[in-house]
Amino acid sequence: MKEIDQETYEELRGKGNVLIGRVHFHANPQKNKIIYFQIDEGQKNFSCTEILDTLSLSNLNLQGRVDVIRHWTSPEVKMIDYRLP
């Protein structure tokens, strides 16, 4: 998994790539922050928590109420309350 910028995310989404997603924070201190990411084929079984655990390795203080959008799953959006492991 790797973080990508919004422009890359929108470009990949426009091309129909489903191995991308984003995390939207609802609670402080990251309120309204969005992290975009791309996964490898082998990571399609990652849960929302596993995605956040992985992203927390490079982003300090990821916690609170978040929407995890995974374009390869159904439903695509899942809201969770995340706390650092």
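Everything below is about the structure shown above.
As the structure is a prediction and not an experimental result, all values here were calculated from the model.

## Let's talk about the pairing of strand β4 (residues 64-70)
Thought 1: In terms of residue burial, β4 counts as a mostly covered element, since 6 of its 7 residues are buried.
Thought 2: As paired strands, strand β2 (residues 20-25) and β4 are joined by 5 bridges and run antiparallel to one another. Following the sheet pairing, His 24 is matched in β4 by Asp 67.
Thought 3: Direction of pairing for β4 relative to strand β5 (residues 77-82): antiparallel, over a ladder of 6 bridges. Residue pairing in the sheet places Asp 67 in a bridge with Met 79 of β5.

## Brief notes about the sheet that holds strand β3 (residues 34-38)
Thought 1: Ordered in space as β1-β3-β2-β4-β5, the 5 strands form an open sheet in which the pairing is antiparallel. Sheet topology places β1 (2-4) and β5 at the edges, where each strand pairs with a single neighbour. Between one strand axis and the next, the sheet turns through 30° on average, direction left out of account.
Thought 2: One ladder, built from 5 bridges, connects β2 with β3; its direction is antiparallel. From the neighbouring strand, Val 23 faces β3, where its bridge partner is Ile 35.
Thought 3: Here helix α1 (residues 6-14) sits on the sheet and contacts β1, β2 and β3; the angle it forms with β2, its principal contact strand, is near 135°.
Thought 4: Lying on the sheet, helix α2 (residues 48-56) is in contact with β1, β2, β3, β4 and β5; it crosses β5 at an angle near 60°.

## Observations concerning α1
Thought 1: A side-chain oxygen of the first residue of α1 lies 3.3 Å from the backbone nitrogen of Glu 7; this N-cap is Asp 5.
Thought 2: Gly 16, located one to two residues past α1, shows a positive phi value of around 85°.

## So, the environment of Ala 27
Thought 1: Mapped onto the elements, Ala 27 comes out in the loop between β2 and β3.
Thought 2: Residues Ala 27 and Gly 16, spaced 11 residues apart in sequence, show a C-alpha to C-alpha distance of 30 Å.
Thought 3: In this structure, Ala 27 is in contact with Gly 64 and Arg 65, ignoring residues within four places of it in sequence.

Parameters and conventions
- Residues numbered from 1 in each chain as written.
- Predicted model: local features only at pLDDT ≥ 70, side-chain atom pairs only at ≥ 80, totals over all residues.
- Heavy atoms only, no water.
- Buried < 20%, exposed > 50% of the residue type's maximum accessible area, 1.4 Å probe, protein only.
- Helix = DSSP H or I, 4+ residues; strand = E, 2+ residues; numbered from the N terminus.
- Pairing = 2+ DSSP bridges.
- Axes fitted to C-alpha atoms, helices over the stretch in contact; angles between N-to-C directions.
- Contact = heavy atoms within 4.5 Å.
- Polar contact = N/O pair within 3.5 Å; in protein donor to acceptor, adjacent residues only side chain to side chain.

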